[in-house]
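Understanding the architecture of this molecule
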Amino acid sequence: MFDSGFGGLTVARAVIDLLPDQDLVYFGDTGRYPYGPRDLDEVRQFALQIGRLLRRRYKAKLLVVACNTAAAASLEHLRDELDIPVVGVIEPGIVAASQASTSGNVGVIGTVGAIGSGAYAAAVADLNLAIELTSCACPGFVEFVERGETDGEGIELLANRLLRPIIDADVDSLLLGCTHYPYLARTIGDVMGRPVTLVSSADETAFEVRRLLIEDHREGEIGTRTFISSGDAGMFESIGRRLFGAELVGATEHRWDVSGDAQ
Ligand code: DGL
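Residues numbered from 1 in each chain as written. Predicted model: local features only at pLDDT ≥ 70, side-chain atom pairs only at ≥ 80, totals over all residues. Heavy atoms only, no water.

**Quick word on the overall build of the protein**
How we decide: Numbering of helices and strands starts at the N terminus; helices are DSSP runs of H or I of at least 4 residues and strands are runs of E of at least 2. For the radius of gyration, the atoms used are the C-alpha atoms, and the globule rule reads 2.2 Å times the number of residues raised to 0.38. Only protein chains enter the calculation, and the probe is 1.4 Å; a residue is then buried if its accessible area is under 20% of its type maximum, exposed if over 50%, and partly exposed in between. In this analysis, two residues are considered to be in contact whenever any of their non-hydrogen atoms come within 4.5 Å of each other. Only the protein chains shown count as covering a residue, and every accessible area follows the Shrake-Rupley method with a 1.4 Å probe.
For the protein, the count of helices and strands is 12 helices and 10 strands. Taken over C-alpha atoms, the radius of gyration comes to 17 Å for the protein, in line with the 18 Å a tight globule of 263 residues would show. Looking at the 263 residues of the protein, the share that counts as buried comes to 54%. Of the contacts made within the protein by residues no fewer than 6 positions apart, 74% connect residues no fewer than 24 positions apart. Carbon together with sulfur atoms contributes 49% to the accessible area of the protein, which is approximately 11,600 Å² in total.

As structure tokens, then:
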């Protein structure tokens, strides 16, 4: 599983809770975070490098792209290149958000890259979902999470400003279309108000992973957890533990060389 940084830990949590018997390798590309403002071609190259690394060195039998931006940029390419199932967060998320809506008026928030890619509107069309989708990019949210800051006045002010178009669209279900955002759910929920259901793609993605790994179930076993960061491993461990919990121990550092291959 990979993300640009800590956001994918929300998906890791859901997968570990649902499939405790499976070994999990989590790669946080913190050395190259953030993905959101980058060109999607560049994000695609990063995603392919990480996918190859997880498949070849860590012998992954299934890959979860635990980042909406990377999934928007690279899901099809990863599926074409790798000989294992590749699960993204976009389709499971939009299905869950549409099921949570009674009015059919659904919102999605994400990074500039993920929203700008049009991946959510494409998923609504591909899946034939009868909903009206309002999307809105929220630049700045991810930076708070990457600093380990998940509440306070700064995030409240930003949320009040950025979520205005979603409030005005009168949605009754809001997809947190960035895996970092569940860490900000309290503030986002307060700004949106009670009648709006917040949907995280983490749980739906975990259900999809369980469906694909049903044959591999190892009754009563506890899998290993491996955390890798392409930035400072000590910082990854300390902020990661704050967000994920005490299970995050012993993060290892991975350095990309200039060609993007592992050193
Ligand atoms: N967590 C990533 C996502 O789901 C984005 C974070 C970033 O901008 O790097 O889109």
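Having put the structure on the table, let's press on.
**Some remarks on the packing of helix 2 (residues 40-56) against helix 3 (residues 68-81)**
Counted only if it meets this: An axis is simply a line fitted to the C-alpha atoms; with a helix, the fit covers only the stretch in contact. Between two such axes, the angle follows the N-to-C directions and lies from 0 to 180 degrees. Throughout this description, any angle smaller than 35 degrees is read as roughly parallel, any larger than 145 degrees as roughly antiparallel, any in the 65 to 115 degree range as roughly perpendicular, and the remainder as oblique. Helix crossings fall into two classes, left-handed where the near helix is turned counterclockwise from the far one by less than a right angle and right-handed where it is turned clockwise. Any residue that is not Ala, Val, Leu, Ile, Met, Phe, Trp, Tyr, Cys, Pro, Asp, Glu, Lys or Arg is counted as polar, Gly included; the first ten are nonpolar and the last four charged.
At a closest axis distance of 8 Å, the pairing of helix 2 and helix 3 adopts a crossing angle of 50°. Taken together, helix 2 and helix 3 sit at an angle that is classed as oblique. Crossing angle aside, the handedness with which helix 2 passes helix 3 is right-handed. Across the interface between the two elements, L40, V43, R44, A47, L48, G51, R52 and R56 from helix 2 touch T69, A70, A73, S74, H77, L78 and E81 from helix 3. Among the residues making up the contact of helix 2 with helix 3, the classes are represented as seven nonpolar, four polar and four charged.

**A few points about the site of the ligand**
The following threshold applies: Proximity is defined per residue: any heavy atom of the residue falling within 4 Å of a molecule or strand makes that residue near it. Any pair of nitrogen or oxygen atoms within 3.5 Å is treated as a polar contact; in protein, a donor-acceptor pairing is required on top of that, and neighbouring residues in sequence qualify only through side-chain atoms on both sides.
Around the ligand there are 14 residues in total, and S4, Y35, N68, T69 and H180 lie nearest to it. Between the ligand and G36, the relevant distance is 2.8 Å, taken from an oxygen atom to a main-chain nitrogen or oxygen of the residue. T69 is positioned with one of its side-chain polar atoms (N or O) 2.6 Å from an oxygen atom of the ligand. Burial of the ligand by the surrounding chains reaches 99%, relative to a free accessible area of 300 Å². Classifying every residue of the shell around the ligand gives six nonpolar, seven polar and one charged.

**Quick look at the sheet that holds strand 6 (residues 132-137)**
Keep this limit in mind: Note: two strands are recorded as paired if DSSP finds a minimum of 2 bridges between them.
If you walk across this open sheet you meet the four strands as 6-5-7-8, and the pairing is parallel. Because the sheet does not close on itself, it has two edges, and the strands there are strand 6 and strand 8 (197-200). Here the average twist between neighbouring strands, direction ignored, is 25°. Two elements, strand 7 (residues 173-176) and strand 8, share four bridges in a ladder whose sense is parallel. Bridge assignment links S173 to a residue of strand 8, and that residue is T197.

**Section: helix 2**
We apply this condition: One fewer than the residue count of a helix, multiplied by 1.5 Å, yields its expected span.
Taking 1.5 Å of rise per residue, the 17 residues of helix 2 would be expected to cover 24 Å, and the 24 Å separating its terminal C-alpha atoms lies within 8% of that figure. The set of residues buried in helix 2 consists of V43, R44, F46, A47, L48, Q49, I50, G51, L53 and L54. Its side-chain oxygen 3.1 Å from the backbone nitrogen of D41, D39 forms the N-cap of helix 2.

**Details of the sheet that holds strand 1 (residues 2-3)**
Ordered by their spatial adjacency, four strands build an open sheet running 1-2-9-10, and the pairing between neighbours is parallel. Of all strands in the sheet, those with a lone pairing partner are strand 1 and strand 10 (252-253), marking the two edges. Note: strand 2 (residues 24-28) against strand 9 (residues 225-229), five bridges, orientation parallel. For Y26, the partnering residue across the bridge sits in strand 9 and is F227. Running over the sheet, helix 2 touches strand 1 and strand 2 and is turned about 150° from strand 2.

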